[in-house]
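Residue-level listing of the chains:
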Amino acid sequence: MLAVTKRENVQGNAACALGAIAAGCRFFAGYPITPSSEIAERLAGELPKVGGTFVQMEDEIASMAATIGASLGGVKSMTATSGPGFSLKQENLGYAAMTETPCVIANVMRGGPSTGMPTRPGQGDIMQARWGTHGDHPIIVLTPASVGEIYSETIRAFNLSERLRVPVVVLYDEIIGHLLETIELTTPDDDQLIDRKWASGDAKDFLPYADTDDLVPPMARPGDGYRVHTTGLTHDDRGFPTQVPEKAEHAVTRLLDKLDHHAELIESYEAVMCEDADVIITAFGITARAAHKAVKNLRSQGVKVGLFRPITMWPFPEAAYKKVTGNAKAIIVAEMNAGQLVLEIERICAGKPEVHRVNRIDGEVITPDELQAAVKEVMS
Amino acid sequence: MNIQEGVQAHVSAEEFDVRDYMRLDLFPHFLCPGCGHGMALRAMMWALYENNISMDKLAVVCGIGCSGRLGAYIDSNTFHTTHGRPLAFATGLALARPDLHVVVITGDGDCLAIGGNHLIHACRRNVNMTCLMLNNEVYGMTGGQVSPTTSADRYTTTTPGGNREPVFDACKLAEAAGAGFVGREVTMQVPTLKDLIKEAYDYNGFSFVEIMSDCTEIFGRKNQLGESAEMILSQKSSTRPDSYGTKVDDPFRPNALKTGVLVKGVRPEYRDMNRPIQPVQPVQKD
Ligand SMILES: Cc1ncc(C[n+]2csc(CCOP(=O)(O)OP(=O)(O)O)c2C)c(N)n1
Ligand code: SF4
Ligand SMILES: [Mg+2]
């Protein structure tokens, strides 16, 4: 099948829904919450057209559970939410990580904490997206910065989730979620879509969590005769609970190593005019777009400034970041929270170059002017 | 081993060997001696056998608790989910895979406390699956804390002065929330329980069965209810088959819990209610 491209004026949240359909998502379970509801609303109409299922559950705990349940049945599935609902999804998100069940979670960030500011943008879920569920667990978090990128990153989220059997969060702020932009809706070729590896061969000898070269075991589809046990308890290669120290360590270590092993596949970032930059602004989502503007303006004034924009937020593209920022004199981390990504950047930089912060937690976006002023201050 | 095609509808207790359908390599199992959950498991397996349900096409979705641990022993597609959530997981699985026969095993704490909201909506939504709730009046797995179904005045580790909260009638809740099939049975009569579960498996839609189990080691011991045999006997004498009608109750046992099929109605299953999407007509202005 050839890629079909059409240009359309779409909203960020609609792009997420359409990206999901293009990626082969055929199940959505959700619970309404601003500013993410348009994803559910769009999919309620789109899924039946392609033979898929939409269901509105009784809460976010149930919608995360149903999403995983559908995926365990072999169907690509997703859910969508915002802060308060994302908190509720954490329990079962951990279950997906532990049982290696592919699934995609869109989290459209509003102002927080708690019920916060439902209709205002925020970027305060960066650390929650990484560490929201308990215990050491693998997770991938993608942070698109435009409507077009929401579409393509949602497709990539499904591909990564299927390929690596890891839950993938598509994380963006309310502004991008509600933004209307004209984008190219490219239907991916079949060979651009990844389906998880299914168990094949003799069911008798099948070990659902056996070591494989790529650290991703094939999954057994219920009904195919493998009759495996799936549990969130720490399990051995047969899938049954174990508390034998070596087996427990081995099981969790493989889960974590899986992402290191596939770092190249997962990592994605954009570096704008960083080669000769004295100051590098580091920002994601809508803040990165303001930063982009600020970089352009400053460059026209002869100021050597660049932008590093992580598209994959977690695991953070650490090696690339070190390389790109190696010659800079200073870094400014701009984010709509009280300082979260900056903690990771400070850890990576370990004092060199120096790291500065620009933050906003008032429900307003960070403007290019603010960033230009910050750069000038840092340089003076 | 697969349940064979064309087996007779009824096999005697002697003929049915539950071990043929268990993951015997996991034995010895973890249940305490005399635990009612073992008899419940036997009844649900026997019912699968008599209903000709293939172990390959079966999906057993369990919550967390002693009850939830049963799934691991069944040689089928088994899912041990999170505490209180098995019905929500099962809803996704059943909607995605209507070809599977979905059975949920849950406990009184799992289903009525942390999972109460999911039960209400599973009853209302009516996706085809059977929910087997093993009610032993206590949180067995975590060492004997009070549960929503603990009888009045009973001692548990968190009710040192006796339970003062009223007991929850799960079957009434299921009925009120719209479940098309509701039943209750004690574990003492495994063949009767098996027949009830068979009917629940057969029902097209959401079916709910409360299995009155018992926790001998923790709840029984704490309340000096005797050994397993005494516990199930007293359980039996506190219940009465629904088919006896109301007359025998009065004035002798007005508070006896009814057992058997309590509700059986015809409701369209979730998927039968699919509506074509109506395009929104723009409002005509004069
Ligand atoms: C979110 C969460 N809270 C608490 C627990 C601890 N927990 C495990 S089993 C259980 C109660 C089980 O009671 P019940 O459902 O009646 O099952 P039984 O063991 O009696 O069969 C609890 C509270 C948990 N696993 N997860
Ligand atoms: S603790 Fe109670 S419910 Fe659990 S296995 Fe023992 S007797 Fe059964
Ligand atoms: Mg219990």
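Since the structure is predicted, the reported quantities are computational estimates derived from the model, not experimental observations.

This part takes up the overall build of chain A. Along the backbone of chain A there are 13 helices and 16 strands. Computed over the C-alpha atoms, the radius of gyration of chain A is 21 Å, within 12% of the 21 Å expected from 2.2 N^0.38 for a compact globule of 380 residues. Considered along the principal axes of its C-alpha atoms, chain A spans approximately 70 × 45 × 45 Å. Counting every position in chain A, which comprises 380 residues, the buried fraction comes to 59%. Long-range pairs, those at least 24 residues apart, make up 78% of the contacts in chain A between residues at least 6 apart in sequence. Total accessible area on chain A is roughly 14400 Å²; 51% of this is exposed by carbon and sulfur atoms.

Here we take up helix H1 (residues 36-50) of chain B. Residues and elements named next belong to chain B. End to end, H1 covers 22 Å across 15 residues, agreeing with the expected 21 Å (1.5 Å per residue, within 8%). Most of H1 sits inside the fold, with 12 of its 15 residues counted as buried. Where H1 is concerned, the buried positions are Gly 36, His 37, Ala 40, Leu 41, Ala 43, Met 44, Met 45, Trp 46, Ala 47, Leu 48, Tyr 49 and Glu 50. Close packing links the buried residues of H1 with strand E1 (58-62), strand E3 (101-107), strand E4 (129-135), helix H6 (190-202) and strand E8 (206-212). Asn 52, located one to two residues past H1, shows a positive phi value of around 65°.

All names here are of chain B. Donor atoms from the polypeptide that coordinate the magnesium ion (ligand 3) comprise Asp 108 (OD), Asn 136 (OD1) and Val 138 (O), at 2.1 Å from the metal. Sequence spacing of the donor residues for the magnesium ion (ligand 3), all on one chain, is D-x27-N-x1-V. Taken together, the residues span a long stretch of sequence, with Asp 108 in helix H3 (residues 108-114) and Asn 136 in the loop between E4 and strand E5 (138-139) at a distance of 28 residues. By relative accessible area, which is 2% here, Asp 108 ends up buried. Under the relative-accessibility criterion, Asn 136 is labelled buried at 6%.

The immediate surroundings of ligand 1 are formed by 18 residues, with His37(B), Cys66(B), Ser67(B), Asp108(B) and Asp110(B) found nearest. Lying at an intersection of chains, ligand 1 is approached by residues of chains A and B. Here Ser67(B) contributes a side-chain N or O atom positioned 2.9 Å from an oxygen atom of ligand 1. A distance of 2.9 Å separates an oxygen atom of ligand 1 from a polar atom in the backbone of Val138(B). Bound to the protein, ligand 1 loses 76% of the 590 Å² it would expose on its own. Only H3 and E5 of chain B provide two or more residues apiece to the shell around ligand 1.

So, on to the interface of chain B and chain A. Much of the literature gives interface size as the accessible area that the parts lose upon coming together. The partner chain A presents 38 residues to the 36 residues of chain B that form the contact. Both faces considered, chain B and chain A share a buried interface measuring about 2900 Å² in area, 57% of it formed by carbon and sulfur atoms. Counting the contacts that link chain B with chain A gives 4 salt bridges. With a shortest N-O distance of 2.9 Å, Arg85(B) and Glu91(A) are connected by a salt bridge. Residue assignment for the side of chain B that touches chain A shows that the elements contributing at least two residues are strand E2 (77-80), helix H2 (86-96) and helix H4 (116-125) of chain B.

All residues adjacent to ligand 2 are Leu31(B), Cys32(B), Cys35(B), Cys66(B), Asn136(B), Gly140(B), Cys215(B), Thr216(B), Glu217(B) and Ile218(B). Considered class by class, the residues forming the shell around ligand 2 number 6 nonpolar, 3 polar and 1 charged.

Residues and elements named next belong to chain B. Mapped onto the elements, Ala 122 comes out in helix H4. Here Ala 122 falls in the buried class, since its relative accessible area comes to 5%. Through-space distance from the C-alpha of Ala 122 to that of Cys 66 is 22 Å; in sequence the pair is 56 residues apart. Once you skip the residues sitting within four places of it in the chain, Ala 122 turns out to touch Leu 87, Val 127 and Phe 206.

It is worth spelling out the sheet that holds strand E12 (residues 279-282) of chain A at this point. All names here are of chain A. With mixed pairing, 5 strands are arranged side by side in an open sheet as E11-E13-E12-E15-E16. Both edges of this open sheet fall to strand E11 (269-272) and strand E16 (354-359), since each of them pairs with a single strand only. For this sheet, the mean angle separating the axes of adjacent strands, direction not counted, is 20°. Of the strand pairs in this sheet, E12 and strand E15 (residues 330-335) are connected by 4 bridges, and their pairing is parallel. In the sheet register, Thr 282 faces E15, and the bridge partner there is Val 333.

Turning our eyes to something else, we now look at the domain arrangement of chain A. Residue and element names in this part refer to chain A. Domain boundaries assigned for chain A yield domain 1 (4-192), domain 2 (203-264) and domain 3 (270-379). Taking only C-alpha atoms into account, the centre of domain 1 sits 25 Å from that of domain 2. Taken together, both faces of the contact between domain 1 and domain 2 bury some 1700 Å²; the carbon and sulfur share is 65%. The largest share of the area that domain 1 buries against domain 2 comes from Met 98, Glu 100 and Arg 165, three residues that together contribute 37% of it. The tally of links from domain 1 across to domain 2 stands at 3 salt bridges.

With that settled, consider the side chain of Thr81(B). On the secondary structure map, Thr81(B) appears in the loop between E2 and H2. Apart from residues lying up to four places away in sequence, Thr81(B) is in contact with Tyr95(A), Val61(B), Cys62(B), Gly63(B), Ile64(B), Pro86(B) and Phe89(B).

Here we come to the nonpolar core. Residues Phe316(A), Met129(B), Phe206(B) and Phe208(B) are the most contacted members of the largest nonpolar core, which totals 77 residues. The dominant element in this core, judged by the number of residues it contributes, is H2(B), at 8 residues. The residues contacting Met129(B), other than those within four sequence positions of it, are Leu87(B), Ala90(B), Thr91(B), Ala94(B), Val102(B), Val104(B), Gly205(B), Phe206(B) and Ser207(B). Residues Ala17(A), Leu259(A), Val358(A) and Ala374(A) belong to the second largest nonpolar core, which totals 65 residues.

All names here are of chain A. Buried within helix H12 (residues 341-349) we find Leu 341, Val 342, Glu 344, Ile 345, Ile 348 and Cys 349. On an axial view of H12, the arc spanned by its buried residues comes to 155°, and they lie on one face. Looking at the buried side of H12, the elements it contacts are helix H5 (126-131), E12, strand E14 (312-314), helix H11 (318-325), E15 and E16. Immediately beyond the C-terminal end of H12, within one or two residues, lies Ala 350, with a positive phi of roughly 45°.

Turning our eyes to something else, we now look at the pattern of salt bridges. Inspection of the entire model under this criterion finds 40 salt bridges over all chains. The partner of Arg120(A) in a salt bridge is Glu364(A), and the shortest N-O contact between them spans 3.5 Å. Residue Arg120(A) is found in strand E6 (residues 117-121), and its partner Glu364(A) is found in the loop between E16 and helix H13 (368-379); the two are separated by 244 residues along the sequence. Note on Arg120(A): relative accessible area 32%, which makes it partly exposed. With a shortest N-O distance of 2.9 Å, Arg97(B) and Asp99(B) are connected by a salt bridge. Asp99(B) sits in the partly exposed class, given a relative accessible area of 42%.

Analysis parameters
- Residues numbered from 1 in each chain as written.
- Chains lettered and ligands numbered in written order.
- Predicted model: local features only at pLDDT ≥ 70, side-chain atom pairs only at ≥ 80, totals over all residues.
- Heavy atoms only, no water.
- Helix = DSSP H or I, 4+ residues; strand = E, 2+ residues; numbered from the N terminus.
- Rg over C-alpha atoms; globule rule 2.2 N^0.38 Å.
- Buried < 20%, exposed > 50% of the residue type's maximum accessible area, 1.4 Å probe, protein only.
- Contact = heavy atoms within 4.5 Å.
- Areas by Shrake-Rupley, 256 points an atom, 1.4 Å probe, with all protein chains shown as cover.
- Expected span 1.5 Å × (residues − 1).
- Donors = N, O, S within 2.8 Å, 3.2 Å for Na, K, Ca; no water.
- Near = heavy atom within 4 Å.
- Polar contact = N/O pair within 3.5 Å; in protein donor to acceptor, adjacent residues only side chain to side chain.
- Buried area = accessible area lost by both parts, 1.4 Å probe.
- Salt bridge = Lys/Arg side-chain N within 4 Å of Asp/Glu carboxyl O.
- Nonpolar A, V, L, I, M, F, W, Y, C, P; charged D, E, K, R; others polar.
- Pairing = 2+ DSSP bridges.
- Axes fitted to C-alpha atoms, helices over the stretch in contact; angles between N-to-C directions.
- Domains from an automatic or database assignment.
- Core = buried A, V, L, I, M, F, W, Y, C linked by side-chain atoms within 4.5 Å.
- Arc of directions from axis to C-beta.

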